[in-house]
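# Notes for the structure review
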2 protein chains.
Amino acid sequence: MKTLDEITQLITSELAKINWNKEPRGLYEPIGYVLSMGGKRIRPALSLMACNLFSENLQPAVLPALGIEVFHNFTLLHDDIMDRADVRRGRPTVHKKWNDNTAILSGDVMQISAYQLVAETPVEHLKPVLDLFSKTAAEICEGQQYDVDFEIRDEVNAEEYLEMIRLKTAVLLGCALKTGALIGGAGEEDAQNLYDFGINIGLAFQLKDDLLDVYGDEATFGKKIGGDILCNKKTYLLIHALQLAKGTDVIELKKWLNNCDQNQALEKIAAVTSIYNRLGVKSICEDKMHYFYSKAIANLANVRILENNKQELRNLAEKLMFRID
Amino acid sequence: MKTLDEITQLITSELAKINWNKEPRGLYEPIGYVLSMGGKRIRPALSLMACNLFSENLQPAVLPALGIEVFHNFTLLHDDIMDRADVRRGRPTVHKKWNDNTAILSGDVMQISAYQLVAETPVEHLKPVLDLFSKTAAEICEGQQYDVDFEIRDEVNAEEYLEMIRLKTAVLLGCALKTGALIGGAGEEDAQNLYDFGINIGLAFQLKDDLLDVYGDEATFGKKIGGDILCNKKTYLLIHALQLAKGTDVIELKKWLNNCDQNQALEKIAAVTSIYNRLGVKSICEDKMHYFYSKAIANLANVRILENNKQELRNLAEKLMFRID
């Protein structure tokens with residue numbers, strides 16, 4: 001069994017072997033740029049760790065795992081165009097450094113590159129792995145669309161929100177785990193339990209992210225605190241606050257939602273946070289997060305391999321509850 | 001053996017069976033819209049005709065053929081954003097009818113849908129068909145990038161131009177034919193001859209398109225005559241004109257290339273056309289077109305099946321020399 005560090009090193013060195021220094025430069029250079037920005041490579045790590053539960057030979061799972069990482073970075077590239085985000089991981093985004101057309105077309109070929117890597121799955125597993133990958137890829141687009149739709153909708157309920165983050169974030173973790181498991185030789189039931197483990201970890205993580213946006217520490221969170229509040233993002237916290245607020249809280253919350261004055265940003269963050277505190281939505285969100293985390297741990301317990309061999313994956317799950325990229 | 005009409009009917013009815021009426025509507029509705037715009041479905045027709053050369057059973061080739069058509073329409077969708085084209089086939093383009101973000105994201109999921117259809121290739125042919133499809137898809141992006149690069153480059157030679165149109169247009173015809181042939185049970189050599197047939201037909205067609213832009217009839221061409229001249233597109237005609245022009249022709253040609261005055265559009269088209277006529281670039285282009293067309297016919301002759309059975313494909317090749325979508 002390899003440790004997470006060993007697996008991350010393997011991913012880093014294998015990813016570096018892919019040649020993006022190809023012609024036409026204008027098409028491939030942005031891909032090299034995006035992938036050089038780093039990130040924790042959590043998805044390919046999950047994939048190889050899942051493979052490692054069933055096989056000592058990780059090699060057949062490496063390229064498909066990199067395909068999942070390339071796909072993830074492709075979604076960030078195209079999402080950044082759609083969100084008009086100028087900075088990612090402290091560096092200018094592709095559409096900012098080059099232009100929108102470059103970001104669109106390089107993204108397109110990046111998606112194809114992801115498929116080419118996934119297609120390196122050993123042929124006996126190719127069809128189920130490919131189908132899972134395509135299903136997941138489509139779901140991620142669906143999640144992104146719901147995220148966009150929710151911005152302009154008046155009301156979004158908690159169930160709809162959880163389904164959106166399942167699609168946008170959780171399914172790729174599940175896909176990474178199941179892909180590695182299948183290539184490692186897992187049976188369908190174990191592979192499915194690992195998929196569900198990924199889904200539940202993903203949901204728990206996203207709720208953690210919602211909490212950190214309000215209650216986190218700017219230095220470790222890596223983003224400005226209150227970003228979700230300032231853009232009125234319908235997070236798990238806001239959805240519940242809108243449901244629970246009564247009397248003056250409703251009036252005040254709605255007043256702040258209609259206030260987009262940049263000069264009152266700090267006041268808005270403080271006011272909305274204090275409404276959240278009064279309504280107790282923090283603990284509602286924490287409870288739900290722990291619910292999904294426990295489900296994930298139960299999914300992992302159901303995988304029929306030695307408990308000892310699951311320790312690295314349990315450690316990673318715990319780490320994930322702090323930050324994911 | 002099925003006729004082209006029978007094959008086109010089969011494609012139309014099978015394409016209509018795909019359900020794009022899915023949630024979220026904002027993601028899938030534009031795909032249904034794009035595919036409802038029509039088009040001659042030449043790529044899936046080539047694929048099924050190639051299959052039909054080797055097998056009476058077209059069914060296993062239908063979904064992959066539709067995948068190629070969906071992919072083709074995806075490239076049009078994203079190209080239209082990049083080219084800021086407002087109209088396609090007489091109707092508003094997706095980014096115009098909806099917006100850029102919708103066009104980007106629906107395009108992304110359309111590419112995934114194309115892969116899902118190609119993944120329905122019978123498993124014994126899946127790996128080579130999938131690899132060919134991905135290679136082709138990447139090449140089309142490369143062709144698009146070269147096309148963009150050429151716009152801002154001072155000089156492009158004929159060889160570079162032919163390579164660009166091979167990537168941007170011809171390889172998908174080759175891919176469609178080879179995919180159908182492989183699924184139909186063709187050997188590698190016959191499948192490769194059909195691929196090359198597609199490449200050469202594609203190159204001949206694009207040169208025909210360059211000619212029609214200047215010398216065509218607006219009614220049958222379906223586009224305004226002189227469009228390439230007005231946007232200074234480095235077509236096979238212009239590339240040769242720039243190479244051959246001497247003395248006052250050079251001065252006049254460069255003068256018109258620098259003249260973007262909309263009020264002098266008709267004058268520019270007439271002047272550049274008459275320079276083309278003086279330099280004889282029309283026949284240079286026609287000769288090259290016939291050269292590729294003859295090569296295509298020779299490729300088809302090399303396919304080891306009854307000559308009689310190739311007639312429908314020869315007819316389609318001839319039709320293609322008039323128009324393609």
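Residues numbered from 1 in each chain as written. Chains lettered and ligands numbered in written order. Predicted model: local features only at pLDDT ≥ 70, side-chain atom pairs only at ≥ 80, totals over all residues.

### Some words on the overall build of chain A
- Counting its regular elements, chain A contains 16 helices and 2 strands.
- For a compact globule of 325 residues, the expected C-alpha radius of gyration is about 20 Å, and chain A comes in at 20 Å, within 12% of that figure.
- The C-alpha extent of chain A, read off along each of the three principal axes, is 60 × 50 × 30 Å.
- Put simply, 74% of the contacts in chain A that link residues at least 6 apart link residues at least 24 apart. (Helix = DSSP H or I, 4+ residues; strand = E, 2+ residues; numbered from the N terminus. Rg over C-alpha atoms; globule rule 2.2 N^0.38 Å. Contact = placed C-beta atoms within 7 Å.)

### Quick word on helix 4 (residues 59-82) of chain B
Residue and element names in this part refer to chain B.
- Along its 24 residues, helix 4 runs 36 Å from first to last C-alpha, staying within 8% of the 34 Å computed at 1.5 Å per residue.
- Of all the 24 residues making up helix 4, 19 are buried; the element is thus mostly covered by neighbouring parts of the structure.
- Positioned one or two residues after helix 4, R84 has a phi angle of 55°, which is positive. (Expected span 1.5 Å × (residues − 1). Buried ≥ 20, exposed ≤ 12 C-beta atoms within 10 Å, placed from the backbone.)

### Brief notes about the relation of the copies chain A and chain B
- Once turned by 180° and shifted 0.0 Å along the axis, chain A lies on chain B with an RMSD of 0.0 Å. Such a combination of rotation and displacement between the chain copies is what one expects of a two-fold axis.
- A shared interface surface links the copies, since 100% of the contact residues of chain A are contact residues in chain B too. (Least-squares fit on C-alpha atoms with pLDDT ≥ 70 in both.)

### Details of helix 2 (residues 25-36) of chain B
- Between the first and last C-alpha of helix 2 of chain B there are 16 Å, a value that for 12 residues agrees with the 16 Å anticipated at 1.5 Å per step.
- For helix 2 of chain B, the complete set of buried residues consists of L27(B), Y28(B), P30(B), I31(B) and V34(B). In an axial view of helix 2 of chain B, the angular spread of the buried residues amounts to 155°, which keeps them on one side of the axis.
- Buried-residue contacts for helix 2 of chain B involve helix 7 (123-152) of chain A together with helix 4, helix 5 (94-97) and helix 6 (100-118) of chain B.
- The positive-phi residue at the C-terminal boundary of helix 2 of chain B is G38(B), with phi of around 90°. (Arc of directions from axis to C-beta.)

### Looking at the interface of chain A and chain B
- On the chain B side, the residues contacting the 31 residues of chain A number 31 residues.
- For the side of chain A that touches chain B, the elements supplying multiple residues, two or more each, are helix 2 (25-36), helix 4 (59-83), helix 6 (100-118) and helix 7 of chain A.
- Taken together, the residues of the side of chain A that touches chain B sort by class into 18 nonpolar, 8 polar and 5 charged. (Nonpolar A, V, L, I, M, F, W, Y, C, P; charged D, E, K, R; others polar.)

### Thoughts on unusual backbone geometry
- With an omega of -5°, the peptide bond running from E23(A) to P24(A) counts as cis.
- The phi angle at R41(B) is positive, at roughly 55°, despite the residue not being glycine.
- Mapped onto the elements, R41(B) comes out in the loop between helix 2 and helix 3 (42-52).

### Section: the packing of helix 9 (residues 188-215) of chain B against helix 15 (residues 281-301) of chain B
Residues and elements named next belong to chain B.
- One can describe the packing of helix 9 onto helix 15 by two numbers: an axis separation of 8 Å at closest approach and a directional angle of 160°. Considering the angle they form, helix 9 stands roughly antiparallel to helix 15. Relative to helix 15, helix 9 is oriented so that their crossing is left-handed. Between helix 9 and helix 15, the contacting residues are N193, D196, F197, N200, I201, L203, A204, L207, K208, D210, L211 and Y215 on the first element and K282, C285, E286, K288, M289, F292, Y293, K295, A296, N299 and L300 on the second.
- Each residue belonging to the contact of helix 9 with helix 15 can be placed in one class, and the counts come to 13 nonpolar, 3 polar and 7 charged. (Axes fitted to C-alpha atoms, helices over the stretch in contact; angles between N-to-C directions. Parallel < 35°, antiparallel > 145°, perpendicular 65-115°, else oblique. Left-handed = near helix turned anticlockwise from the far one by under 90°.)

### With respect to the environment of L10(A)
Residues and elements named next belong to chain A.
- One can find L10 in helix 1 (residues 4-17).
- Residue L10 is classed as partly exposed on the basis of its 19 C-beta neighbours within 10 Å.
- Spatially, the C-alpha atom of L10 lies 9.9 Å from that of Q59, the residues being 49 residues apart in sequence.
- Discounting residues that sit within four places of it in the chain, L10 has contacts with L48 and L58.

### Some words on the packing of helix 7 of chain A against helix 7 (residues 123-152) of chain B
- Their axes nearest at 10 Å, the elements helix 7 of chain A and helix 7 of chain B cross at an angle of 80°. In terms of orientation, helix 7 of chain A lies roughly perpendicular with respect to helix 7 of chain B. Only V123(B), L126(B) and K127(B) of helix 7 of chain B make contact with helix 7 of chain A, whose side of the interface consists of V123(A), L126(A) and K127(A).
- Class assignment for the residues of the contact of helix 7 of chain A with helix 7 of chain B results in 4 nonpolar, no polar and 2 charged.

### Some words on the confidence of the model for chain A
- Summing up the model confidence of chain A, the mean pLDDT is 95 and the portion of residues at 70 or higher is 99%.
- At the level of chain-chain contacts, confidence expressed as ipTM amounts to 0.96, with global pTM at 0.97. (pLDDT = per-residue confidence, 0-100.)

### Section: the environment of G38(B)
- Of note, G38(B) is situated in the loop between helix 2 and helix 3.
- In this structure, the C-alpha to C-alpha distance between G38(B) and K288(B), residues 250 residues apart in sequence, is 30 Å.

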